[in-house]
Amino acid sequence: MSDSVRIAMVGAGAVADYHHVPGIRVDPRAELVAVCDPNQELLQQRQRDWGPVRAVTDYQEIAEADDIDAVIIATPNFTHKPITLACAAAGKHVMCEKPLGVSFEESAEMYRAARDAGIRHMTAFTYRFAPSMKYLRQLLVDGQLGTPRHFRSQRFLDLPETSWSWRQYKKLAGAGDLYDMTIHRIDFAQGLLGSIASVCGAVAQFASRTETVDGGSCDPSEVDDWSALIGRFENGAVGVWEGSTLMKGRHNDGYGFEWAEINGSEASAVYQLTDPNNILMGRHGESLQKVPVPAEFLVATGSPRDPSAGVPSDVFRHDLVWEFVSAIVEQRDAVPSFRDGARAQAVADAVLESDEQGRWVDVACELD
Ligand SMILES: NC(=O)c1ccc[n+]([C@@H]2O[C@H](COP(=O)([O-])OP(=O)(O)OC[C@H]3O[C@@H](n4cnc5c(N)ncnc54)[C@H](O)[C@@H]3O)[C@@H](O)[C@H]2O)c1
C-alpha cells in the first residue's frame, strides 16, 4: 500500500475537470494515477491539462489495476452502475457522481454492493459542501432556528435550448432537470431535516432540443426541463422545491439563481449559491440580514485549501475529494454516502410517480 490514496478518474468530461481533479490537487494525501475515457482525443487533451498520467479507454482496466486504491466516476448516468459494481467487486473505494443510477432500483443495488464489499462509498452531492450549507446545518443542530417547520428551494439556470446530449434520453439519463439539478436539493434538504416521507410532484418539458450545439439535428428530448415538488418530512416539517435550466434572464455568469431557506419556530436562514460565505438570517419581527459564515465552515475540516483563493461559488466543490479521501484514511463512512444517493433518488422517483398518477405518493426507500 502506497502512502498516498491512488485515485483513478473514470470519465474525463466537464465535472472531472471542474470539481474532482482540482480537488485531488489540493489534497496532499491523494494522487491522480490514471484517467479513463473512451474519447481518445479528450484523453490526449487531459494529458496536457492534468499532466501525464496513465490513460486507458476501458474501465475494467481501472477495476483490475493493483496500483489504484480509489475511483471517482464522472461519466453519463447510465454507466454509473456497471462501473461502480466492477470497481466495488475489485475492492476499490468509489465516489460516484449523482444521480447514482438511472432509477432508485439501480442506486439501491449500487449501495448494497458497496456496503457488502466493505468499501468507502460517496455520492458527489456538491452543494452539501457550500460553507453556508454547512453553517445552516450547524444552526439547526444548535437549535438556533427553533423547530424546523418549512424548507424552500429554487434553482433556475438560463442554459441553451440546444441538445443536452446523453442528458436528454431516458435510458441514458433517467430523468432531466429532476435528476440533474433538483436531486441535489432533495439531498441537501434530507441532510438538513431528515427523510422526506411523501411528495406531490410535477414535471414538464419546455423544449424539444432537436438541434445540436454545432447546428446538426438529433432525436427529440424525452425528459423534463422543469421539476417541482411539495413534500412532508418524517419530522413533521414541510418543503417546496422547484428547478429548471430554461429560465431566461437567470444566467448570472453561468451560476444562475439558487436560493434555499429553512423557516423555523425561532428564526429563518437562507443559503444562496452566489454568496456561499454568507447566509441571510432573521428572527421574529426582524428582516433577513447578512451573517458571515464562521471561518471553521469555509473549508473542509483539516483541508489545506486557502478559503480566500478562487471564486467562492466554485472552490467549495474541491472539498468533495477531501471528504472522500478522509473517509478512506480515517476508515469511516463518507458523507454523503451511496445510501444518501439512493435516498434522494427514491424521493425523485416518487416525484415522477406522483406526476404520472396525479396524487401524493409515499416515498418507498427500502435499503436494508
Ligand atoms: N455534482 C455536480 O455538481 C455535477 C455537475 C455536473 C455533472 N455531474 C454529473 O457528472 C456526470 C458526468 O457529467 P459531465 O457534465 O462531466 O458529462 P460529460 O459528458 O462532460 O463527461 C462525461 C465523460 O464520460 C465519458 N464516458 C462515457 N462513457 C464512459 C465509460 N464507459 N468509461 C469512462 N468514461 C466514459 C465521456 O466520454 C465523457 O468524456 C453525470 O452523472 C452528471 O450528472 C455532477
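The rules behind the values
- Residue numbers run consecutively from 1 along every chain, following the written order of its sequence.
- Local features in this predicted model are restricted to residues whose pLDDT is 70 or higher, and side-chain atom pairs enter the listing and the counts only when it is 80 or higher, whereas totals over whole chains, interfaces and linings include all residues.
- Runs of H or I in DSSP of at least four residues are treated as helices and runs of E of at least two as strands, each being numbered from the N terminus.
- The exposure label follows from counting other C-beta atoms within 10 Å of a residue's C-beta, where the C-beta atoms are placed from the backbone and the thresholds are 20 or more for buried and 12 or fewer for exposed, leaving partly exposed in between.
- What counts as a domain boundary in this text is fixed by an automatic or database domain assignment.
- Contact between two residues is assigned when their C-beta atoms, built from the backbone, lie within 7 Å.
- Side-chain classes follow a simple rule in which Ala, Val, Leu, Ile, Met, Phe, Trp, Tyr, Cys and Pro form the nonpolar group, Asp, Glu, Lys and Arg form the charged group, and the remainder, Gly included, forms the polar group.
- By convention here, the C-beta atom is placed from the backbone, and a residue is near a molecule or strand when that atom is within 6 Å of it.
- For two strands to be treated as a pair, DSSP must find at least two bridges joining them.
- Convention adopted: a line fitted to C-alpha atoms gives each axis, helices being fitted over their contacting stretch, and angles between N-to-C directions are expressed from 0 to 180 degrees.
- Given the number of residues in a helix, its expected span is that number minus one, multiplied by 1.5 Å.

A few points about unusual backbone geometry
Here Lys98 and Pro99 are connected by a cis peptide whose omega angle stands at -15 degrees. With respect to the secondary-structure elements, Pro99 resides in the loop between strand S5 (93-96) and helix H5 (104-117). In this structure, the amide linkage connecting Val335 to the following residue, Pro336, adopts the cis form with an omega of 0 degrees. Residues other than glycine seldom take positive phi values, yet Asn252 does so here, at roughly 50 degrees. By the element assignment, Asn252 lies in the loop between strand S10 (238-244) and strand S11 (257-264). For Gln331, which is not a glycine, the phi torsion comes out positive at approximately 55 degrees. Within the secondary structure, Gln331 is located in the loop between helix H10 (319-330) and helix H11 (338-357). By the C-beta count within 10 Å, which is 7 here, Gln331 ends up exposed.

Observations concerning the domain arrangement of the protein
Partitioning the protein into structural domains gives domain 1 (5-126) and domain 2 (127-336 + 344-357). With centres defined by C-alpha atoms, the gap from domain 1 to domain 2 works out at 22 Å. Counting residues at the interface gives 33 residues for domain 1 and 32 residues for domain 2. Among the elements of the structure, helix H1 (14-26), S5, H5 and strand S6 (121-123) are those that each provide at least two residues to the side of domain 1 that touches domain 2. Per element, the largest residue contribution to the side of domain 1 that touches domain 2 is seven residues, and it comes from H1. Residue classes in the side of domain 1 that touches domain 2 are distributed as 18 nonpolar, 11 polar and four charged.

Notes on the site of the ligand
By nearness alone, 23 residues border the ligand, and Gly11, Gly13, Ala14, Val15 and Glu97 come closest of all. Among the residues making up the shell around the ligand, the classes are represented as 12 nonpolar, seven polar and four charged.

Considerations on the pairing of strand S7 (residues 148-156)
In this sheet, S11 lies alongside S7 in antiparallel orientation, the contact comprising eight bridges. Bridge pairing links Arg152 to Glu261 in S11.

A short note on the sheet that holds strand S3 (residues 54-56)
If you walk across this open sheet you meet the six strands as S3-S2-S1-S4-S5-S6, and the pairing is parallel. Edge strands, defined here as strands with exactly one partner in the open sheet, are S3 and S6. This sheet shows a mean twist of 20 degrees between the axes of neighbouring strands, independent of strand direction. In the sheet, strand S4 (residues 70-73) pairs with S5 via four bridges, with the strands oriented parallel. Paired with Ile72 across the two strands is Met95, which belongs to S5. Contacts from helix H4 (residues 80-89) reach strand S1 (5-10), S4 and S5 within the one sheet, and its direction differs from that of S5 by about 165 degrees.

Let's talk about H10
Look at H10: 16 Å from first C-alpha to last across 12 residues, which is about the 16 Å you get at 1.5 Å a residue. With respect to burial, H10 is a largely interior element, 10 of its 12 residues being buried. Along H10, the residues that are buried comprise Asp319, Leu320, Val321, Trp322, Glu323, Phe324, Val325, Ser326, Ala327 and Ile328. As for H10, its buried residues are in contact with S1, H1, strand S2 (30-36), S4, S5 and S6.

Things to note about the sheet that holds strand S15 (residues 361-362)
Across the sheet, nine strands lie side by side as S14-S13-S12-S11-S7-S10-S9-S8-S15; this open sheet has mixed pairing. For this open sheet the edge positions go to strand S14 (289-292) and S15, each flanked by a neighbour on one side alone. Direction of pairing for S7 relative to S10: parallel, over a ladder of seven bridges. Bridge assignment links Phe156 to a residue of S10, and that residue is Ser244. Across the face of the sheet, helix H6 (residues 131-141) comes into contact with S7, S11, strand S12 (267-272) and strand S13 (278-283) while running at roughly 160 degrees to S12.

Examining the environment of His318
Within the secondary structure layout, His318 lies in the loop between helix H9 (312-315) and H10. Separated by 106 residues in sequence, His318 and Thr212 have C-alpha atoms that sit 31 Å apart. Those residues in contact with His318, other than ones at most four positions away along the chain, are His19, Pro22, Gly23, Val26 and Arg305.

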